Amino acid sequence: MADQKKEKPKQNQINIELDADVAQGIYSNLAIINHSVSEFVVDFVTIMPGIPKSKVKSRIILTPQHAKRFLKALNDNVKRFENAHGEIKDYEQPPIPLNFGPTGEA
């Protein structure tokens, strides 16, 4: 009987699968965040020095509720990281002019 209890998944437990391609990750050094009434859109970009053109590498779309939970979770993790490793330095960088393709004219 004890074996049968071990086989049953716990209630409210989610099994998450991580494919090998996704596990490799994608490097990003720029996140562009836009929002509407119903969603937050986060575009992750890799910008390389001396290269004037970059592509969005990944786009994540969140509900406002999930965006707020993500903000809280990220804030909690940054605090834990800084407690273990010291303060993360935030170096001032000049603003990057962004261009999302051709601009339209009426």
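Throughout, a residue's number is its position along its own chain's written sequence, starting from 1. Local features in this predicted model are restricted to residues whose pLDDT is 70 or higher, and side-chain atom pairs enter the listing and the counts only when it is 80 or higher, whereas totals over whole chains, interfaces and linings include all residues. To get the side-chain values, all heavy atoms of the structure are used, and hydrogens and water are removed first.

### Some remarks on the overall build of the chain
Okay, step 1: The secondary structure content of the chain amounts to three helices and three strands.
Okay, step 2: Secondary structure is summarised from DSSP: a helix means a run of H or I of at least four residues, a strand means a run of E of at least two, and numbering begins at the N terminus for each. Each helix (α) and strand (β) of the chain, taken in turn from the N terminus, gives the series α-α-β-β-β-α.
Okay, step 3: Between buried and exposed lies partly exposed: a residue is buried under 20% and exposed over 50% of the maximum accessible area for its type, with that area taken using a 1.4 Å probe on protein chains only. For the chain, with 106 residues in total, the buried portion stands at 8%.
Okay, step 4: Contacts spanning at least 24 positions in sequence make up 18% of the contacts within the chain whose residues lie at least 6 apart. Residues count as neighbours in contact if any of their non-hydrogen atoms are within 4.5 Å of one another.

### Things to note about the environment of F81
Okay, step 1: With respect to the secondary-structure elements, F81 resides in helix α3 (residues 64-85).
Okay, step 2: Accessibility expressed as a relative area gives 42% for F81, which makes it partly exposed.
Okay, step 3: Excluding residues within four positions of it along the chain, F81 makes contact with G86 and I88.

### Here we look at the pairing of strand β1 (residues 30-35)
Okay, step 1: Alignment of β1 against strand β2 (residues 40-45), held across six bridges, turns out to be antiparallel. Considered in β2, the bridge of N34 is made with V41.
Okay, step 2: At least two DSSP bridges between two strands are required for those strands to pair. Hairpin geometry of β1 and β2 is characterised by an intervening segment of four residues between the two adjacent antiparallel strands.

### Considering the sheet that holds strand β3 (residues 56-62)
Okay, step 1: Here three strands make up an open sheet; going across it, the order is β1-β2-β3 and the pairing antiparallel. The open sheet terminates on both sides in strands that have one partner only, identified here as β1 and β3. Taking each pair of neighbouring strands and ignoring which way they run, the sheet shows an average axis angle of 20 degrees. Fitted lines through C-alpha atoms give the axes, limited to the stretch in contact for helices. The angle between two N-to-C directions lies from 0 to 180 degrees.

### Brief notes about the side chain of T46
Okay, step 1: Tracing the backbone shows T46 in the loop between β2 and β3.
Okay, step 2: Judged by its relative accessible area of 15%, T46 falls in the buried class.
Okay, step 3: Polar contacts, as counted here, are pairs of nitrogen or oxygen atoms within 3.5 Å of one another; within protein the pair requires one atom able to donate a hydrogen and one able to accept it, and residues that are adjacent in sequence qualify only if both atoms are side-chain atoms. At a separation of 2.5 Å, a polar atom in the side chain of T46 contacts the main-chain carbonyl oxygen of Y27.

### Quick word on α3
Okay, step 1: Expected helix span is given by 1.5 Å per residue-to-residue step, counting one fewer step than there are residues. Compared with an ideal rise of 1.5 Å per residue, which puts 22 residues at 32 Å, α3 spans 31 Å between its outermost C-alpha atoms and is within 8% of the ideal.
Okay, step 2: Positive backbone phi, at 95 degrees, marks G86, one or two positions downstream of α3.

### Quick word on the confidence of the model for the chain
Okay, step 1: Scored from 0 to 100, pLDDT records how confident the predictor is in each individual residue. Here the chain shows a mean pLDDT of 87. Residues at 70 or above account for 79%.
Okay, step 2: In the model of the chain, helix α1 (residues 2-7) stands out as the element of lowest mean pLDDT, 55, in contrast to α3, which has the highest, 98.

### Regarding the pairing of β2
Along any regular strand, the residues point their side chains to alternate faces of the sheet.
Okay, step 1: Here β2 pairs with β3 via six bridges, running antiparallel. Its bridge partner being in β3, V45 is matched across the sheet by V56.

### Digging into the pattern of salt bridges
Okay, step 1: Whenever a carboxyl oxygen of Asp or Glu lies within 4 Å of a side-chain nitrogen of Lys or Arg, that contact is scored as a salt bridge. Counted by the stated rule, this structure contains two salt bridges.
Okay, step 2: Linking D43 and R59 is a salt bridge whose minimum nitrogen-to-oxygen distance equals 2.6 Å. With D43 in strand β2 and R59 in strand β3, this residue pair connects regions lying 16 residues apart in the sequence.
Okay, step 3: We classify R59 as exposed; its relative accessible area is 53%.
Okay, step 4: Here K72 makes a salt bridge to D76, at a shortest N to O gap of 3.2 Å. Taken together, the residues K72 and D76, both in helix α3 and four residues apart, mark about one turn of the helix.

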